[in-house]
Amino acid sequence: LTCLVVALVLLCSCRSEFERIRTSGNAELIYEEANRNYEIKEYQKAVTLYELVIPSFRGRAEAEDLYFKYANAHFLDRRYILSAHYFKTFADTYTTSPKREDALFNHAYSNYKLSPKYKLDQTNSQKAIDAFQLFVNTFPESERVPKCNEYIDELRDKMELKAFDTGKLYYNMRNYSSAIQSLNNLLKDFPGSEKEEEAMYLMVKASYELAINSIFTKQEERYNETVNRCQAYLKRHGNSERSEEVINYRNNSREALNNIQNG
């Protein structure tokens, strides 16, 4: 019990000391305490104190180090949305700083840490790709460039899988127009995709289903589109195990076109 009381007293004294410095209005003292908290990995306290003195140190020699630590404290505390923002601000503000390389990389890596599982929205993945590409363009000789390219490839693979799954989901929901559009965007955005053959196959099927379920006035146009998609598939993947099925879709579409044209 005595030990618990002592611990509580010490804890209260530490908190009161932090509050005393925080509310002191002494920028030098607050800055010193912020750095101390930063060094002992009390990043939330460090951020709180840095925020108080940033305006006071603007234009001073210490400002550059202060702002970098401020951004990095957010990063080390896993507040990646904020660290991405503040590292980018640092890089844009201190353009000749030796820490600019670290800042731009950590800006990109913060966005990378925000990238979710592939089934979720991939906006942050695209932001991370753009940020890593900015780093590579800005520091092409950096030893971090190979790692940036690895991260870019990883993120693009995730986005590619997301795009394919979206198209497949539309197909399974019988929303054939959206399936075709989504899968077509996949092929444009990710040329040479490992999912190309399956995507083109699903586009053939979706196109055929769309044609046979269309009103009469649209059938001719959509059967022609199906034939063209079959031809494109066979040109690229004529030796695929699905090629015979695609040939059947093409033949059925041509037969349907003959019937339409012959009334």
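Here's what I pulled together on the structure shown here. Owing to the predicted nature of the structure, the values given are computational and were not obtained by experimental measurement.

**Notes on the overall build of the protein chain**
1) Next: Helix and strand counts for the protein chain come out as 12 helices and 0 strands.
2) Next: Written out in order from the N terminus, the α and β elements of the protein chain read α-α-α-α-α-α-α-α-α-α-α-α.
3) Next: A globule of 263 residues ought to have a C-alpha radius of gyration of about 18 Å, yet the protein chain, at 29 Å, is considerably larger.
4) Next: For the protein chain, buried positions account for 42% of its 263 residues.
5) Next: Considering only residue pairs separated by 6 or more positions, the protein chain has 53% of its internal contacts joining residues 24 or more positions apart.
6) Next: A total accessible area of about 15,500 Å² is found for the protein chain, and carbon and sulfur atoms account for 48% of it.
7) Next: One finds the centroid of the 36 positive side-chain charges in the protein chain at a distance of 4 Å from the centroid of its 38 negative side-chain charges.

**Re helix 6 (residues 100–114)**
1) Next: The first and last C-alpha atoms of helix 6 sit 21 Å apart over 15 residues, in line with the 21 Å expected at 1.5 Å per residue.
2) Next: Elements that come into contact with the buried residues of helix 6 comprise helix 4 (63–76), helix 5 (80–93), helix 7 (123–138) and helix 8 (145–172).

**Focus on the pattern of salt bridges**
1) Next: Summed over all chains, the structure comprises 14 salt bridges.
2) Next: Residues Glu28 and Arg60 are paired through a salt bridge, measuring 2.9 Å at the closest nitrogen-oxygen approach. Linking Glu28 in helix 2 (residues 27–39) with Arg60 in the loop between helix 3 (43–57) and helix 4, this pair joins segments that are 32 residues apart in sequence.
3) Next: The partner of Glu101 in a salt bridge is Arg144, and the shortest N-O contact between them spans 3.9 Å. Placement of Glu101 in helix 6 and of Arg144 in the loop between helix 7 and helix 8 is noted, with a sequence separation of 43 residues between them.
4) Next: In this structure Glu101 comes out as partly exposed when scored by relative accessible area, which is 25%.
5) Next: A relative accessible area of 25% places Arg144 in the partly exposed class.
6) Next: A single salt-bridge network, built from bridges that share partners, covers Glu28, Arg60 and Glu62.

**Concerning unusual backbone geometry**
1) Next: At Lys41, a residue that is not glycine, the phi angle is positive and equals roughly 70 degrees.
2) Next: One non-glycine residue, Arg174, adopts positive backbone phi at about 65 degrees.
3) Next: With respect to the helices, strands and loops of the structure, Arg174 is situated in the loop between helix 8 and helix 9 (176–189).
4) Next: Since its relative accessible area comes to 66%, Arg174 is described here as exposed.

**Overview of the packing of aromatic side chains**
1) Next: Here the structure, examined in full by the defined rule, presents 24 aromatic pairs.
2) Next: The residue whose ring lies beneath Lys195 is Phe164, and the NZ or CZ to ring-centre distance is 4.9 Å.

Rules used throughout
- Residues numbered from 1 in each chain as written.
- Predicted model: local features only at pLDDT ≥ 70, side-chain atom pairs only at ≥ 80, totals over all residues.
- Heavy atoms only, no water.
- Helix = DSSP H or I, 4+ residues; strand = E, 2+ residues; numbered from the N terminus.
- Rg over C-alpha atoms; globule rule 2.2 N^0.38 Å.
- Buried < 20%, exposed > 50% of the residue type's maximum accessible area, 1.4 Å probe, protein only.
- Contact = heavy atoms within 4.5 Å.
- Areas by Shrake-Rupley, 256 points an atom, 1.4 Å probe, with all protein chains shown as cover.
- Lys, Arg positive; Asp, Glu negative; His and termini not counted.
- Charge placed at Lys NZ, Arg CZ, Asp CG, Glu CD.
- Expected span 1.5 Å × (residues − 1).
- Salt bridge = Lys/Arg side-chain N within 4 Å of Asp/Glu carboxyl O.
- Phe/Tyr/Trp six-rings, centres within 6.5 Å; stacked < 30°, edge-to-face > 60°.
- Lys NZ or Arg CZ within 6 Å of the ring centre and 35° of its normal.

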